[in-house]
Amino acid sequence: MSMIADFYGGKSILITGATGFLGKVLMEKLFRTSPDLRVIYILVRPKAGQTLQQRVFQILNSKLFEKVKEVCPNVHEKIRAISADLNQNDFAISMQDMQELLSYTDIIFHCAATVRFDDHLRHAVQLNVTATQQLLLMASQMPNLEAFIHISTAFSNCNLKHIDEVIYPCPVEPKKIIDSMEWLDDAIIDEITPKLIGDRPNTYTYTKALGEMVVQQESGKLNIAIIRPSIVGATWQEPFPGWVDNINGPTGLIVAAGKGFLRSIRATPMAVADLIPADIVVNLTLAVGWYTAVHRPKSTLIYHCTSGNLNPCNWGKMGIQVLATFEKIPLERAFRRPKADFTTNNVTTQYWNAVSHRAPAIIYDFYLRLTGRKPRMTKLMNRLLRTLSMLEYFINRSWEWSTYNTEMLMSKLSPEDQRVFNFDVRQLNWLEYIENYVLGVKKYLLKEDMAGIPEAKQHLKRLRNIHYLFNTALFLIAWRLLIARSQVARNVWFFIVSFCYKFLSYFRASSTLKV
Ligand SMILES: CCCCCCCCCCCCCCCCCCCCCCCCCC(=O)SCCNC(=O)CCNC(=O)[C@H](O)C(C)(C)COP(=O)(O)OP(=O)(O)OC[C@H]1O[C@@H](n2cnc3c(N)ncnc32)[C@H](O)[C@@H]1OP(=O)(O)O
Ligand SMILES: NC(=O)C1=CN([C@@H]2O[C@H](COP(=O)(O)OP(=O)(O)OC[C@H]3O[C@@H](n4cnc5c(N)ncnc54)[C@H](OP(=O)(O)O)[C@@H]3O)[C@@H](O)[C@H]2O)C=CC1
């Protein structure tokens, strides 16, 4: 019997960010392993024209939840969506809902955040810092609360090379930042943002670091733990391999490479690619929830959920495996054949961006215009290049994260819990994982049918022929222009032609002699 699964039985659990990538995998695992839990409260906002109920319905009816329905047929009754917006005061939760949350919640998993790298500082502070502070305040009024688990990121201190499982202070107190966001106008915030974030690359990592400080400062008598995952990728094993449903992090680049938009990337092939599958993060999170509630550590423990120090893989190896998988399982209707090179300096990056990204987009848009359609490729390419420039920071550096607490926790689990809530990244085979990841992107994110693979391969063959034809035509045009302008080129051309003529004449003569 799993002690962890048993622990969550009968519990009322509050999850923020349950509609996000990680939140959904967390919810799925909880329902599957502890179907007898009392209720999961989720804080949801209406979005994209959908009501709360429609959003929950869509999640529960997705492929991800297929196994849950077998073990927990009444899952619809066990999920309670509460209308909330973390940007609002008291999260805009009704009095009645707030009362219910305060009275019943046993465990909180705080996953909600803005993960956009370039979010305006005011918004990033609101969601990643102020909302965390408000949630802690709520938590302190919950008489039954056993544990508060805060999901941060391993990159909250990415300005350091070696990162321990401790909270590093930021130069300006979070409270001062929160206060200043209330009265400073946008123009001033824009001006001071680079100074505040200092040597961090974006507002996301900065506000996640502030969020951790808030957790430390406001923890009071609460039982708190912080989890820091690195780059969360598709699921490794559970509920099935390769599940992913958004384009954040590497996923967007995998799509762009498979569709043939991404042809070169400024990255360091030997830099450690600290990817961590979503199900490993979720297993660790649930184990931490159990440990924090049952063993009540004296201080707030921080757990690094990273792969680099236990089972390292580098970007070069990953890129090769992504491309190798596209050979076997191509994406449909690719723009160009998947092929991406790593560039290592500014000059080659600019050159390949112009030749492999911008020029084909301009040519294609020209073709769309000629055929009476709306051009769109240049816009898409500009967006891709912007995204690449934001990710570059993370694919040209390596970090070391210590994992003492994570390893300590692993040693505390029973063999059964180590199996059911496996977060031992050493068991992961990267090549197999990447192949399943790419397959998952095709099936679950892009919703492409596997029956379409032969047609996709045919399409790639056609693209290859077009590519050869285009290159030959380009060469001939360039040569023709050169001949028209240069005596040397003309001489070379006549030499080649006369050489070929003599060669052919010789063969004709020798074959006539034989007869
Ligand atoms: C030698 C071998 C050769 C081999 C060659 C190899 C190559 C081969 C292949 C390569 C493979 C391997 C190497 C790869 C390296 C990976 C590096 C990863 C590093 C990650 C580090 C992460 C570290 C930190 C981890 C963390 O701790 S946190 C998590 C990470 N956080 C992020 O990853 C957010 C990033 N993104 C943004 O920050 C914003 O996206 C921004 C970028 C500002 C754009 O922003 P913008 O241009 O405004 O575009 P959007 O508006 O955002 O979106 C535009 C459109 O996409 C839509 N759309 C946006 N979202 C989503 C969503 N979810 N789901 C669905 N759709 C979405 C949206 O609807 C809109 O569609 P539309 O409405 O136009 O139809
Ligand atoms: N993905 C990754 O690579 C990594 C993620 N993390 C951390 O893990 C956590 C989860 O990330 P992930 O699942 O990838 O992110 P997602 O962007 O997929 O999910 C974010 C969640 O937060 C919710 N949310 C955002 N704004 C609000 C708001 N104003 N009110 C209510 N809810 C809101 C979103 O709701 P809605 O659906 O309505 O938008 C969504 O459920 C975050 O804390 C992130 O920092 C850490 C390391 C890596």
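Residues numbered from 1 in each chain as written. Chains lettered and ligands numbered in written order. Predicted model: local features only at pLDDT ≥ 70, side-chain atom pairs only at ≥ 80, totals over all residues. Heavy atoms only, no water.

Brief notes about the nonpolar core
Now for step 1: Ile15, Met27, Phe31, Phe109 and Leu409 are the most contacted members of the largest nonpolar core, which totals 108 residues.
Now for step 2: Of the residues forming this core, the biggest block, eleven residues, is contributed by helix α12 (residues 278-295).
Now for step 3: With near-sequence residues (within four places) excluded, Phe109 lies in contact with Tyr8, Ile13, Leu14, Ile15, Thr16, Leu26, Leu30, Ile149, Thr285 and Leu286.
Now for step 4: Counting 45 residues, the second-largest nonpolar core is a separate cluster that includes Val39, Ile108, Leu135 and Leu196. (Core = buried A, V, L, I, M, F, W, Y, C linked by side-chain atoms within 4.5 Å. Buried < 20%, exposed > 50% of the residue type's maximum accessible area, 1.4 Å probe, protein only. Helix = DSSP H or I, 4+ residues; strand = E, 2+ residues; numbered from the N terminus. Contact = heavy atoms within 4.5 Å.)

With respect to the UniProt feature "domain: Fatty acyl-CoA reductase C-terminal" (unreviewed entry) in the protein
Now for step 1: Here the UniProt feature "domain: Fatty acyl-CoA reductase C-terminal" (unreviewed entry) sits at residues 357-448.
Now for step 2: Structurally, residues 357-448 is divided into 70% helix and 2% strand, and its ends, taken at the C-alpha atoms, are 25 Å apart. (UniProt positions renumbered as here; feature names shortened; annotations may be inferred.)

Examining the confidence of the model for the protein
Do not read the fine detail of predicted coordinates wherever pLDDT is low.
Now for step 1: Across the protein, pLDDT averages 95, with 99% of residues at or above 70.
Now for step 2: The ipTM for the predicted assembly is 0.90, set against a pTM of 0.92. (pLDDT = per-residue confidence, 0-100.)

Here we look at the UniProt feature "domain: Thioester reductase (TE)" (unreviewed entry) in the protein
Now for step 1: Here the UniProt-annotated "domain: Thioester reductase (TE)" (unreviewed entry) positions come out as residues 15-284.
Now for step 2: Measuring from the first to the last C-alpha atom of residues 15-284 gives 16 Å, for a span that is 43% helix and 14% strand.

Looking at the pairing of strand β7 (residues 224-229)
Now for step 1: In terms of residue burial, β7 counts as a mostly covered element, since six of its six residues are buried.
Now for step 2: Covered by surrounding structure in β7 are Ile224, Ile226 and Arg228 together with Ala225, Ile227 and Pro229, the residues of both alternating faces.
Now for step 3: Bridge count for strand β5 (residues 147-151) against β7 is four bridges, and the pairing is parallel. Along β7, the bridge assignment pairs Phe148 with Ile224. (Pairing = 2+ DSSP bridges.)

Quick notes on the site of ligand 1
Now for step 1: In the region of ligand 1, 29 residues are neighbours, and Arg116, Phe117, Tyr204, Gly249 and Arg383 sit closest.
Now for step 2: Between ligand 1 and Ile247, the relevant distance is 3.5 Å, taken from a nitrogen atom to a main-chain nitrogen or oxygen of the residue.
Now for step 3: Burial of ligand 1 by the protein amounts to 74% of the accessible area it has alone, namely 1,600 Å².
Now for step 4: Listed by contribution, the elements that provide at least two residues to the shell around ligand 1 are α11 (250-258), α13 (315-328) and α15 (377-395).
Now for step 5: Among the elements that line the shell around ligand 1, the one with the most residues is α15, at seven residues.
Now for step 6: Each residue belonging to the shell around ligand 1 can be placed in one class, and the counts come to 19 nonpolar, six polar and four charged. (Near = heavy atom within 4 Å. Polar contact = N/O pair within 3.5 Å; in protein donor to acceptor, adjacent residues only side chain to side chain. Areas by Shrake-Rupley, 256 points an atom, 1.4 Å probe, with all protein chains shown as cover. Nonpolar A, V, L, I, M, F, W, Y, C, P; charged D, E, K, R; others polar.)

Observations regarding empty space enclosed by the protein
Now for step 1: On inspection of all chains with the given rule, the structure shows two cavities of 30 Å³ or more.
Now for step 2: The computed volume of the largest cavity comes to approximately 60 Å³.
Now for step 3: Surrounding the largest cavity, Ile276, Ile280, Leu284, His304, Cys305, Thr306, Leu310, Thr406, Met410, Phe423 and Val425 form its lining.
Now for step 4: Space inside the second largest cavity adds up to approximately 50 Å³.
Now for step 5: In terms of lining residues, the second largest cavity is bounded by Phe155, Ile231, Val272, Ala273, Asp274, Trp315, Phe394, Arg397, Ser398, Trp399 and Trp401. (1 Å grid on protein atoms, 1.4 Å probe; cavity = no way out; pocket = protein on both sides within 12 Å on 5 of 7 lines; lining within 4 Å. Points joined across faces, edges and corners; volume = space filled by probe spheres on them.)

Observations regarding the sheet that holds strand β3 (residues 79-83)
Note: strands within a sheet are paired through backbone hydrogen bonds, in either parallel or antiparallel orientation.
Now for step 1: Spatial strand order, β3-β2-β1-β4-β5-β7-β11: seven strands in an open sheet with parallel pairing. Unpaired on one side and paired on the other, β3 and β11 (301-305) mark the two borders of the sheet. Neighbouring strand axes in the sheet, compared pairwise and without regard to direction, differ in orientation by 20° on average.
Now for step 2: Sheet topology places strand β2 (residues 39-44) next to β3; five bridges connect them, and they run parallel. Bridging from a neighbouring strand, Ile42 pairs with Ala81 of β3. (Axes fitted to C-alpha atoms, helices over the stretch in contact; angles between N-to-C directions.)

Topic: the packing of α11 against helix α18 (residues 430-445)
Now for step 1: One can describe the packing of α11 onto α18 by two numbers: an axis separation of 10 Å at closest approach and a directional angle of 85°. Overall, the two elements α11 and α18 adopt an arrangement that is roughly perpendicular. Along its contact with α11, which presents Pro250, Thr251, Ile254 and Val255, the element α18 presents Tyr437, Val438, Val441 and Leu445.
Now for step 2: Each residue belonging to the contact of α11 with α18 can be placed in one class, and the counts come to seven nonpolar, one polar and no charged. (Parallel < 35°, antiparallel > 145°, perpendicular 65-115°, else oblique.)

With respect to the pattern of salt bridges
Now for step 1: By the definition in use, this model includes 21 salt bridges.
Now for step 2: The salt bridge involving Arg228 is made with Glu212; its shortest N-O contact spans 2.8 Å. Taken together, the residues span a long stretch of sequence, with Arg228 in strand β7 and Glu212 in helix α10 (residues 203-218) at a distance of 16 residues. When sorted by exposure, Arg228 lands in the same class as Glu212, which is buried. (Salt bridge = Lys/Arg side-chain N within 4 Å of Asp/Glu carboxyl O.)

Focus: the pairing of β2
Now for step 1: Counted residue by residue, β2 has six buried out of six residues, so it is predominantly covered.
Now for step 2: Neither face of β2 is exposed, since Val39, Tyr41 and Leu43 on one face and Ile40, Ile42 and Val44 on the opposite face are all buried.
Now for step 3: Note: strand β1 (residues 12-16) against β2, five bridges, orientation parallel. Within the sheet, the bridge partner assigned to Thr16 lies in β2 and is Leu43.

Some thoughts on α13
Now for step 1: Relative to the 20 Å expected for 14 residues at 1.5 Å per residue, α13 spans 20 Å between its end C-alpha atoms, a close match to the ideal helical length.
Now for step 2: Its buried side turned inward, α13 meets β8 (231-233), α11, β10 (275-277), β12 (341-343), α15 and α18.
Now for step 3: For α13, the capping residue at the N-terminal end is Asn314, with a side-chain oxygen 3.2 Å from the backbone nitrogen of Gly316. (Expected span 1.5 Å × (residues − 1).)

So, the site of ligand 2
Now for step 1: Taken together, 27 residues lie near ligand 2, and Thr19, Arg45, Lys47, Arg55 and Tyr204 sit nearest.
Now for step 2: Ile151 has a polar backbone atom sitting 3.5 Å from an oxygen atom of ligand 2.
Now for step 3: Here ligand 2 loses 90% of its free accessible area of 890 Å² to cover by the protein chains.
Now for step 4: When contributions to the shell around ligand 2 are tallied by element, the ones reaching two or more residues are α2 (21-33), α10 and β8.
Now for step 5: Residues of the shell around ligand 2, tallied by class, amount to 14 nonpolar, eight polar and five charged.

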